[in-house]
Every structure is written in C-alpha cells, then in structure tokens.
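Residues per chain are reported as follows:
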Amino acid sequence: MTCARRVFRCFRCVERAADRITGAAGPWFVCLAISLLAIGILSFFIVIQPTLPFPWLTTPFCVLIALNMVGHYYHVCIVPPGFVGDTGSPVRGGGFLWVAPPPRGGSRLNIVHARISRCRKCHDTRPERAHHCRICNRCVLKFDHHCPVTSRCTGINQCVGLYNERHFVLFMAYLVFATSTFTIFGFPHVLIAFELRFAAWTHPFPPFLFITTYILSLVLSLAVAVMLAWHMWGVARGETAVEAQDHEVYAKWAKERGETFINSYDLGTRRNLTLFFNVGEGGYPLYTLFLPLRLKPYTNGYAWAHREGLNRHRGVREGEELTDGDDDEEYGGDTGGDDRNR
Ligand SMILES: [Zn+2]
Ligand SMILES: [Zn+2]
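Quick caveat: nothing in here was measured; it's all calculated off a predicted structure. The residue numbers shown here count from 1 along each chain, following its written sequence. All chains are assigned letters beginning at A, and all ligands numbers beginning at 1, according to the order in which they are written. pLDDT decides what is reported in this predicted model: residues at 70 or higher carry local features, side-chain atom pairs at 80 or more are listed and counted, and totals for whole chains, interfaces and linings draw on all residues regardless. Only hydrogens and water are removed before side-chain values are computed, so all heavy atoms of the structure are retained for them.

**Here we look at the coordination of the zinc ion (ligand 1)**
- Only N, O and S atoms count as donors, using a 2.8 Å limit from the metal and a wider 3.2 Å limit for Na, K and Ca, and since water is excluded some coordination spheres may look unfilled. Surrounding the zinc ion (ligand 1) are the protein donor atoms Cys119 (SG), Cys122 (SG), His132 (ND1) and Cys139 (SG), at 2.1 to 2.4 Å.
- In short, tetrahedral needs four donors with all angles between 85 and 135 degrees, square planar needs four and octahedral six donors with opposite donors over 155 degrees apart and all other angles between 65 and 115, and whatever is left is irregular. The coordination sphere of the zinc ion (ligand 1) comprises four donor atoms, whose angles at the metal cover 99 to 124°; the geometry is tetrahedral.
- Counting along the primary sequence, the residues that act as donors to the zinc ion (ligand 1) give the motif C-x2-C-x9-H-x6-C.
- A 1.4 Å probe rolled over the protein chains alone gives each residue an accessible area, and that area as a share of the maximum for its type sets the label: buried under 20%, exposed over 50%, partly exposed in between. For His132, a relative accessible area of 2% translates into the label buried.

**Thoughts on the UniProt feature "transmembrane region" (unreviewed entry) in the chain**
- UniProt positions are given in the numbering used here, feature names are shortened, and annotations may be inferred rather than shown by experiment. Per the UniProt annotation, the sites labelled "transmembrane region" (unreviewed entry) are residues 21-48, 54-74, 168-188 and 208-230.
- Annotated as residues 168-188, this span is 95% helix and 0% strand, and its ends, taken at the C-alpha atoms, are 32 Å apart.
- Secondary structure elements are taken from DSSP: a helix is a run of H or I of four residues or more, a strand is a run of E of two residues or more, and numbering for both begins at the N terminus. For residues 208-230, helix accounts for 100% and strand for 0%, while the C-alpha atoms at its two ends are 33 Å apart.

**Things to note about the coordination of the zinc ion (ligand 2)**
- Distances from the zinc ion (ligand 2) to its protein donors, namely Cys133 (SG), Cys136 (SG), His146 (ND1) and Cys159 (SG), fall within the range 2.0 to 2.3 Å.
- One can describe the site at the zinc ion (ligand 2) as tetrahedral: its four donor atoms subtend angles covering 100 to 117° at the metal.
- Overall, the relative accessible area of 14% leaves His146 in the buried class.

**Focus: a nonpolar patch on the surface**
- Distance thresholds for patches are 9 Å for like charges and 5 Å for nonpolar side chains (Val, Leu, Ile, Met, Phe, Trp, Tyr), applied to residues having over 30% relative accessible area and no salt bridge. Here the accessible surface of atoms and residues is derived via Shrake-Rupley with a 1.4 Å probe, and residues count as covered only by protein chains that are part of the display. Any carboxyl oxygen of Asp or Glu that lies within 4 Å of a side-chain nitrogen of Lys or Arg is treated as forming a salt bridge with it. Together, Phe29, Leu32, Leu36, Val149 and Leu216 give the surface a local cluster of nonpolar side chains, amounting to about 380 Å² of exposed area.
- Among the elements that make up the nonpolar patch, the one with the highest residue count is helix 1 (residues 3-48) (three residues).
- In this fold, Leu32 is placed in helix 1.

**Topic: the pairing of strand 8 (residues 303-306)**
- Residues Ala303 and Ala305 line one face of strand 8 and the alternating positions Trp304 and His306 line the opposite face, and both faces are buried.
- Alignment of strand 1 (residues 110-113) against strand 8, held across four bridges, turns out to be antiparallel. From the neighbouring strand, Ile111 faces strand 8, where its bridge partner is Ala305. Strand pairing requires that DSSP identify at least two bridges connecting the strands.

**Re unusual backbone geometry**
- Phi at Phe54 takes a positive value of approximately 45°, unusual for a residue other than glycine.
- With respect to the element layout, Phe54 can be found in the loop between helix 1 and helix 2 (55-78).
- Its relative accessible area of 55% is what places Phe54 among the exposed residues.
- In this structure, Asn278 takes a positive phi of about 55° despite not being glycine.

**Quick notes on the packing of helix 5 (residues 207-236) against helix 7 (residues 269-277)**
- Angular values range over 0 to 180 degrees, each being the angle between N-to-C directions of two axes fitted as lines to C-alpha atoms, with helices fitted over their stretch in contact. Remark: helix 5 packs on helix 7, axes separated minimally by 8 Å, with the N-to-C direction vectors making an angle of 110°. Between helix 5 and helix 7, the angle is such that the two are roughly perpendicular. Contacts between helix 5 and helix 7 involve Met232, Val235 and Ala236 from the former and Thr269, Asn272, Leu273, Phe276 and Phe277 from the latter.
- Each residue gets one of three labels, nonpolar for Ala, Val, Leu, Ile, Met, Phe, Trp, Tyr, Cys and Pro, charged for Asp, Glu, Lys and Arg, and polar for the others, Gly among them. Its residues assigned to classes, the contact of helix 5 with helix 7 shows six nonpolar, two polar and no charged. Should an angle fall under 35 degrees it is taken as roughly parallel, and over 145 as roughly antiparallel, whereas 65 to 115 is taken as roughly perpendicular and any remaining angle as oblique. It only takes one pair of heavy atoms within 4.5 Å for two residues to be counted as in contact.

**Considerations on empty space enclosed by the protein**
- Computed over the protein atoms alone on a 1 Å grid, cavities are sets of points where a 1.4 Å probe fits but cannot get out and pockets are open sets with protein on both sides within 12 Å along at least five of seven lines; a residue lines them when it has an atom within 4 Å of a point. Grid points are joined across faces, edges and corners, and a volume is the space filled by probe spheres set on the points. Scanning the model with the defined rule gives three cavities of 30 Å³ or more in all.
- One number sums up the size of the largest cavity: a volume of about 50 Å³.
- What lines the largest cavity is Leu162, Tyr163, Glu165, Arg166, Phe276, Leu295, Lys296 and Pro297.
- In terms of residue class, the lining of the largest cavity is built from five nonpolar, no polar and three charged.

**Some points on the packing of helix 2 against helix 3 (residues 165-185)**
- At a closest axis distance of 8 Å, the pairing of helix 2 and helix 3 adopts a crossing angle of 145°. Where helix 2 crosses over helix 3, the handedness of that crossing is left-handed. Facing helix 2, whose interface residues are Phe61, Ile65, Asn68, Met69, His72, Tyr73, His75 and Val76, helix 3 presents Arg166, His167, Phe168, Leu170, Phe171, Tyr174, Leu175, Phe177 and Ala178.
- Grouping the constituent residues of the contact of helix 2 with helix 3 by class yields twelve nonpolar, four polar and one charged. The hand of a helix crossing depends on one turn: near helix anticlockwise from the far one by less than a right angle means left-handed, and clockwise means right-handed.

**As for the environment of Glu248**
- Mapped onto the elements, Glu248 comes out in helix 6 (residues 241-256).
- Residues Glu248 and Phe261, 13 residues apart in the sequence, show an inter-C-alpha distance of 9.2 Å.

**Examining the layout of surface pockets**
- Estimated volume of the largest pocket: approximately 1,000 Å³.
- Forming the walls of the largest pocket are 45 residues, and the residues nearest its centre are Leu37, Met69, Leu175, Thr179 and Leu220.
- Only helix 1, helix 2, strand 6 (145-151), helix 3 and helix 5 provide two or more residues apiece to the lining of the largest pocket.
- Here the lining of the largest pocket gets eleven residues from one element, more than from any other, and that element is helix 5.
- A class-by-class count of the residues in the lining of the largest pocket yields 35 nonpolar, ten polar and no charged.

Structure follows, in structure tokens:
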C-alpha cells in the first residue's frame, strides 16, 4: 500500500468518526437549538419588546419575525429533503401551514428533463443534481449539505435538499434579523445587567440568563450572517454547495482547453432567486416570503430550468461530470474520485 493511500485511508477514518459523532449528537443539537430559540424569544418579549417605541407597530412586527423564525425551523426539521426513490412529494396537502402549489405553466422557462445516472454507493438511479449523502446513506434531490442542527422527529440528522432548502435559507434570514434586533435593542438592558444594578433590573427574567442570551445572540447574528451570505451567493449563481465545488473544477478544465465554462442552471441573479424561493412569475405571490408557509419547489427534481439555448453546462464534455466520492479504496485519479464532504 502506497504512503499516499495510507494517508488517505487515515483521513477517511477520521472523517467517518466525525460523521458518527455528528450523527449521534444531532438530536442534542436540535434540543439545544429549540431551547435557545425559546429562551431568546422569551427574553426578548419580556425584557426588550415592552421598551420599544410605537408598540402598536413594533409588537405585530416582532411577533411576525418570531413566527417566521420558529415556523421555518420547524419546516426545515420536518420536511424531508427529497430522497431519491421516495414516492410522491414530501410536501403534500393537509400539512401544517401548507398552501396549494402555484401554476408554473405561465412562466417562460427552458425546462429540460433531467439526465439519469446510477449512484455508485446506494445503486439507486437518480436525476442530475441529486447526490449521495453518506450520513443518510441515500441519494438526495438537489443535495446541498447534511446539517446536524436540523433533525426529523425521529432524531435522525437531516439533509438540506430540494424540498427544505427554501426553509433553511429563510430560517437563517429570520434568525439573523431576530438576533441583530436583539443585539441592538438589548444593548441598554445588558449594560444594566452587566453593572449588576439589580435594583434597576425590574424585569421578571434572570439578568445572568439575559447576559448569556445577549452574548449568544451577538455571536449568532455575525456567524449566521456570514453563512447566509455564502448560501445566498450560491443561490444567486444557481448552484448548490456541492455544485459550487464541481463548477470550480469544470471551469479549470474548460480553461485548460481554451473554453469557457457556463453553468446552465444559472438563469441570471433575479431569476435564480425567484426560482429558488418559487415566487414571482408562475410561482407563489411575493408576500409568501414573509409568512412561515410550507411551499413546494418549482420542480420535482426530475426536470430543471436551464439557461436559454443550453440543455447542459457549456465547457463540460460527455462523461466528464463529477460524481460523488468512490469507495474507500479509491482516491483522486479519475473523474469519479472527487471525494468531498457529501
Ligand atoms: Zn446514493
Ligand atoms: Zn444526509
């Protein structure tokens, strides 16, 4: 066994151990996230909200933000990402806060049936943009990443894919808005709590808990804002986290051949955003972005909107498409050896 192969196997062992740890810790992450959300909302409405100006305006606004934050977290945990082979849409009628699908027929989109390939790990046939999640051990439609902080009721970690990616991004957006608001308007209160002027602390909420919540809120507002910006950058470019890595490789190969790589899923920033959130022409009304509703994506994952005149990426040749990582015996090498965090 070559030295490089030994090193590779060692890395794979570490990677597998990390998967098992995040898998086991998933339900705890969810409990922690729910507790933090509850404490944050309680402390905001007990301490900060009563001191805000124009309560007739700010109270309904703050309630709406909190509802969206909790609602989208609930959806991203409960709605399956869209596993290849599951029959029917995971977003069905009758669910909590579900609304009927919009007619997409009126929109002028170049919808192309997805190319089908076979996964080398679970051997399922799958459409393009689906990838294998090694933690779920299944292929997921428009797989983005596996998130240990979201979990289904079963306590199993949850993937972010076609059916829950919208909720994931909206949850982050509302979380950033809520924590930023908490940080800005909670500042005078945290000063009082820090000075330990307990006589001046008249709120029915423990000051030490408020200080802890404030610090967490400050850290979260910055960290999640960076994550949100990175995700939105990908959405605006019409690519998932996995595809962003693939596209870098395609662009490099195309450049070496003197060609230019064009991502055929990139329909322009505005169209990419409206398709991702499924609003605007042929989709749901824009105001649905401000409500914690469970909505369908524009596709079932077996047909995708491509840039006009392109039915596949430009600059990528037939058979060059990168696939998920191969088994443990392979590393690097051929086009299937791009072993990444899937
Ligand atoms: Zn698979
Ligand atoms: Zn997964």
